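# Descriptive structure summary
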Amino acid sequence: MAVYTTLSDSDVAALMAQYDIGNAVTCEGIAEGVENTNYKLTTPQGRFILTLFEKRVSETDLPFFMGVMERLAARRFPAPMPIAARSGSHLVRVAGKPAAIVSFLDGVWPRVWNGAHCAAIGDALARMHVALDGFEQTRANRLSIDGWETLIKPRLSEAEALRPGLAAEVARDLAEVRAAWPSQLPRGAIHADLFPDNAFFVGDQLSGVIDFYFACTDLLAYDLAACLNAWCFDGVRYDLERGRAMIQAYANVRPLSAGERAALPVLARGAALRFFATRLTDWSTTPEGATVTPKDPLEYADKLRFHRQAQRAADYGA
Ligand SMILES: Nc1ncnc2c1ncn2[C@@H]1O[C@H](COP(=O)(O)OP(=O)(O)O)[C@@H](O)[C@H]1O
Ligand SMILES: N[C@@H](CCOP(=O)(O)O)C(=O)O
C-alpha cells in the first residue's frame, strides 16, 4: 500500500479551498503504487487523483512533470491533465508535502498481457514521443548510468547475498554498458517507467498512461528498451513475438533509425540495470512491516542474463 501521508479532514478542506473544483465528497487512499501517496478524490465536478510527492521526487522537478502531462493532454494523448489551483499553479502544498491534482483516467492496468497489449504500448509510446517533440523544458535523467552505479556499487554485497555470483555479473554489466552506451541517438522527453501498472486499458484499447514522475530528457529508443523489459518477457524468457509487435507498432508511428535499432541490445541491458538498481535499493532499505511491498530485484537479474547473451537487434524482434 502506498499511502505514506495520511490526510485529516481539515487538510482536505484546506486543500480544496485552493481549487475551483468544489468540495471533496470522498477522498480515499489508493493502495497501489510504490513511490508517492495517491488519493482518489470525488467532488461534485467528478473524479480526480490527488498525489502527494514523496521519496525520490525532487520538488524542483515537479514543473517538468506537470509540463509534460499538460502538453500531452493538450495534444489529445491520454495522459492525466494537471488541474490548476486558483493561484494558477499546478502545484500546491498539503500536510507539508508538495501535491498536485490531476484528471482521473478510465480503465484498468492489465494483470496479464499479450502481443496486442505490447503493440498498443509501442504505438502509444511513439505517439507520446511525437507529441513531446520540441517540448522546451528539460530534465536530466538522474537514473542513467551514473545513477545506477551510485545505487548499485555500494550494494554489491547485498546482490551477492541474494544470488551467489550476481555481484561480479552486475559489475561487468555496469562496465560494459558504460563502454558501449550510445550518445548520438535522437533525444527528447521520455516517460522512463511505462510498466504495465502505468498503462490503463478498456477492453483491448489503451485508455490512459499515468505516472510521469520519472519522466526526463533522454534517448527516445531507451524508453522503448525500458518497455521491452517491462512487457516482453514471459517469466525469464524473452518473448520474441511480443518484442516484434511492440517494436513494429512503435516504428509504424515513429520510424527507428539504423543506429537506434543497432543500439537496442545495449539500451535494453542498461534499462534492466536501471530497474535492478532501484529495486535492489528498495529491497534493502524498506523497513520490515512497511505498508509498501518492494519489487523483486531478481526479476531484473534474470532479464540481465538474457541481455548478456543477446547480440543483435533481431534478438529483440527488431
Ligand atoms: N490519473 C489517474 N487516473 C486514475 N487512476 C490513477 C491515476 N493516477 C494514479 N491512479 C491510481 O493510483 C495508482 C498508483 O499510481 P502511480 O502513479 O503508479 O503511483 P506511484 O507513483 O506511487 O507508483 C494507480 O495504480 C491507479 O490505481
Ligand atoms: N516500475 C518500477 C517501479 C516504479 O513503480 P511505479 O509504481 O511508480 O510504476 C519497477 O517495476 O521497478
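Before reading on, note that the structure itself is shown above.
Residues numbered from 1 in each chain as written. Chains lettered and ligands numbered in written order. Predicted model: local features only at pLDDT ≥ 70, side-chain atom pairs only at ≥ 80, totals over all residues. Heavy atoms only, no water.

### Details of the environment of L256
By secondary structure assignment, the location of L256 is in the loop between α8 (240-253) and α9 (258-285). For the pair L256 and A221, spaced 35 residues apart in sequence, the C-alpha separation works out to 8.0 Å. Once residues within four sequence positions are removed from consideration, L256 is found in contact with L224, I247, Y250, A251 and R261. (Helix = DSSP H or I, 4+ residues; strand = E, 2+ residues; numbered from the N terminus. Contact = heavy atoms within 4.5 Å.)

### Some thoughts on the packing of aromatic side chains
Overall, the coordinates contain 15 aromatic pairs when judged by the stated rule. Residues F64 and F135 carry aromatic rings whose centres are separated by 5.8 Å and whose planes lie at 65° to one another, so their mutual orientation is edge-to-face. Of this pair, F64 sits in helix α2 (residues 62-74) while F135 sits in the loop between α3 (115-131) and α4 (145-152), placing them 71 residues apart in sequence. Given the relative accessible area of 4%, F64 is considered buried. Plain terms: the ring middles of F275 and Y300 are 5.8 Å apart, the flat faces sit at 45° to each other, and that makes the pair tilted. Of this pair, F275 sits in helix α9 while Y300 sits in helix α10 (residues 297-309); the two residues are 25 residues apart in sequence, bridging distant segments of the chain. For F275, a relative accessible area of 5% gives the class buried. On the basis of relative accessibility, which here comes to 0%, the residue Y300 falls in the buried class. By way of ring pairs, the aromatic residues F53, F64, F65, F135 and Y213 are connected into one cluster. A cation sits over an aromatic face here: R111 above W109, 3.9 Å from the ring centre. Note that R274 overlies the ring of F214, its terminal NZ or CZ placed 4.9 Å from the centroid. (Phe/Tyr/Trp six-rings, centres within 6.5 Å; stacked < 30°, edge-to-face > 60°. Buried < 20%, exposed > 50% of the residue type's maximum accessible area, 1.4 Å probe, protein only. Lys NZ or Arg CZ within 6 Å of the ring centre and 35° of its normal.)

### Here we look at the packing of helix α6 (residues 166-180) against α10
In contact at an axis separation of 11 Å, α6 and α10 are set at 55° when each is read in the N-to-C sense. With respect to each other, α6 and α10 are oriented oblique. The interaxial crossing formed by α6 with α10 has left-handed handedness. For the pair formed by α6 and α10, the contact residues are L166, E169, V170, R172 and D173 on the first element and L298, A301, L304 and R308 on the second. (Axes fitted to C-alpha atoms, helices over the stretch in contact; angles between N-to-C directions. Parallel < 35°, antiparallel > 145°, perpendicular 65-115°, else oblique. Left-handed = near helix turned anticlockwise from the far one by under 90°.)

### Topic: the site of ligand 2
Around ligand 2, the neighbouring residues are G33, V34, E35, D193, F195, D197, N198, D211, F275, R279 and K295. In the environment of ligand 2, an oxygen atom lies 2.7 Å from a nitrogen or oxygen atom belonging to the side chain of D211. Starting from 340 Å² of accessible surface for ligand 2 in isolation, the protein chains cover 94%. Taken together, the residues that form the shell around ligand 2 break down as three nonpolar, two polar and six charged. For the shell around ligand 2, the domains that each give at least three residues are domain 1 (9-103) and domain 2 (115-316). (Near = heavy atom within 4 Å. Polar contact = N/O pair within 3.5 Å; in protein donor to acceptor, adjacent residues only side chain to side chain. Areas by Shrake-Rupley, 256 points an atom, 1.4 Å probe, with all protein chains shown as cover. Nonpolar A, V, L, I, M, F, W, Y, C, P; charged D, E, K, R; others polar. Domains from an automatic or database assignment.)

### Quick look at the sheet that holds strand β3 (residues 46-52)
Taken in spatial order, the five strands make up an open sheet running β1-β2-β3-β5-β4, and their pairing is antiparallel. This sheet does not close on itself; its edge strands, each paired only once, are β1 (26-29) and β4 (92-94). Taking each pair of neighbouring strands and ignoring which way they run, the sheet shows an average axis angle of 35°. Here five bridges tie β3 to strand β5 (residues 97-103), and the two strands are oriented antiparallel to one another. (Pairing = 2+ DSSP bridges.)

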